[in-house]
Amino acid sequence: MPNVKVFVSHRIDLDSVLVENSVYTPVRCGAALDTNKNPKMIGDNTGDNISDKREYLGEFTVQYWAWKNVQADYYGLCHYRRYLSFSEKQFETDEKSQVIEQYLSPESIEKYRLNNPEYIQSIVKGYDALVGEYADISHMYTPRGPQKTVYEHFTAYDNFLVKKEDIDLVLDTIDQLYPDLGKSAREYFAGKKFRGYNCFILKKELFSQLCEIEVNVLRYIYETSKIDFTYRSALEKRTYGFFAEWLYGIFIYHLEKQKRYK
């Protein structure tokens, strides 16, 4: 069986349920900022890490830590309150293509087959990438009503989550650093199929590609001082985290276009 490691990003200010099996590695996100003297799980603040940037990057600090410090055949990322389902059954979803449960219980862990590492490994080994379904952006809420494209969706959050000009900044940076990816990025934003939330499992090669793209784009934007956080809210400080989420969606769209991967 392949060595599958799914890293679960947990908040440092909240107790949350653990899925206890060998596939899942719970990690404290932003552990460098944790004041708890007796943590119950590993943090993202050992080895090569960017743990102290959690305020700006969210769960990407956990992803980066896994990339730099752990060896595996497959790498996954999910959240203390958001997992991929491994059930053979299809369940009713909301406008974000998510299945909603009141809380993560032993019953729901079994329902979505999160408690069987051998079964999960047997599923994963047949694929290059396992990801959540697209959500139709035209069905999703914004402060300015539903929008028709991913681009319009996030411009509708101008001064709420990100700035309108942030989208063009990311697209222009991708064009400059990764021209082949640039066309896919613009197609993704011009479409209505949104893939977000950073829930995935990727083969090592693809995971490394994603991480390199995200780090290089984020670093370029940071080093060129394109964003001034002086007048941004606490939520808007997570701008770089939103950028990483966009890059994830673009990357998966780009892989699908190539029709080389399962």
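Being a predicted model, the structure only gives us computed values, none of them experimental.

**Some details on helix α7 (residues 179-190)**
Note on helix geometry: an α-helix contains 3.6 residues per turn, so any two residues three or four positions apart are oriented the same way.
Then comes step 1: Over its twelve residues, α7 runs 17 Å from end to end, which matches the ideal 16 Å to within 8%, given 1.5 Å per residue.
Then comes step 2: The set of residues buried in α7 consists of L181, G182, S184, A185, Y188 and F189.
Then comes step 3: Check the buried side of α7 and you find it contacts α5 (150-155), α6 (164-177), β6 (193-194), α8 (204-223) and α9 (239-258).

**With respect to the pattern of salt bridges**
Oppositely charged side chains can pair when the atoms bearing their charge come close.
Then comes step 1: A complete count under the given rule lists 15 salt bridges for this structure.
Then comes step 2: With its nearest N and O atoms 3.2 Å apart, the salt bridge here joins K53 to D52.
Then comes step 3: Among the ionic pairs, D172 bridges to R186, the shortest N-O distance being 2.9 Å. Taken together, the residues D172 in helix α6 and R186 in helix α7 connect sequence positions 14 residues apart.
Then comes step 4: Using a relative accessible area of 45% as the deciding quantity, one classes D172 as partly exposed.
Then comes step 5: Exposure remark for R186: the relative accessible area of 34% places this residue in the partly exposed category.

**A look at the sheet that holds strand β4 (residues 129-131)**
Then comes step 1: Spatially, β2-β1-β3-β7-β4 is the arrangement adopted by the five strands of the open sheet, whose pairing is mixed. Only two strands of the sheet have a single partner each, and these edge strands are β2 (24-28) and β4. Averaged over all pairs of adjacent strands, the angle between their axes in this sheet comes to 20°, without regard to strand direction.
Then comes step 2: Bridge count for strand β1 (residues 4-10) against β2 is five bridges, and the pairing is parallel. The partner of H10 across the bridge, within β2, is R28.

**Structural notes on the state of the cysteines**
Then comes step 1: Applying the stated rule across the entire model yields zero disulfides.
Then comes step 2: With no disulfide of its own, C78 has C199 as its nearest cysteine by sulfur position, at a separation of 5.7 Å.
Then comes step 3: You can see C211 has no disulfide; the closest cysteine sulfur is in C29, sitting 14 Å from it.
Then comes step 4: Using a relative accessible area of 0% as the deciding quantity, one classes C211 as buried.

Each value, and the rule that gives it
Residues numbered from 1 in each chain as written. Predicted model: local features only at pLDDT ≥ 70, side-chain atom pairs only at ≥ 80, totals over all residues. Heavy atoms only, no water. Helix = DSSP H or I, 4+ residues; strand = E, 2+ residues; numbered from the N terminus. Expected span 1.5 Å × (residues − 1). Buried < 20%, exposed > 50% of the residue type's maximum accessible area, 1.4 Å probe, protein only. Contact = heavy atoms within 4.5 Å. Salt bridge = Lys/Arg side-chain N within 4 Å of Asp/Glu carboxyl O. Pairing = 2+ DSSP bridges. Axes fitted to C-alpha atoms, helices over the stretch in contact; angles between N-to-C directions. Disulfide = S-S within 2.5 Å.

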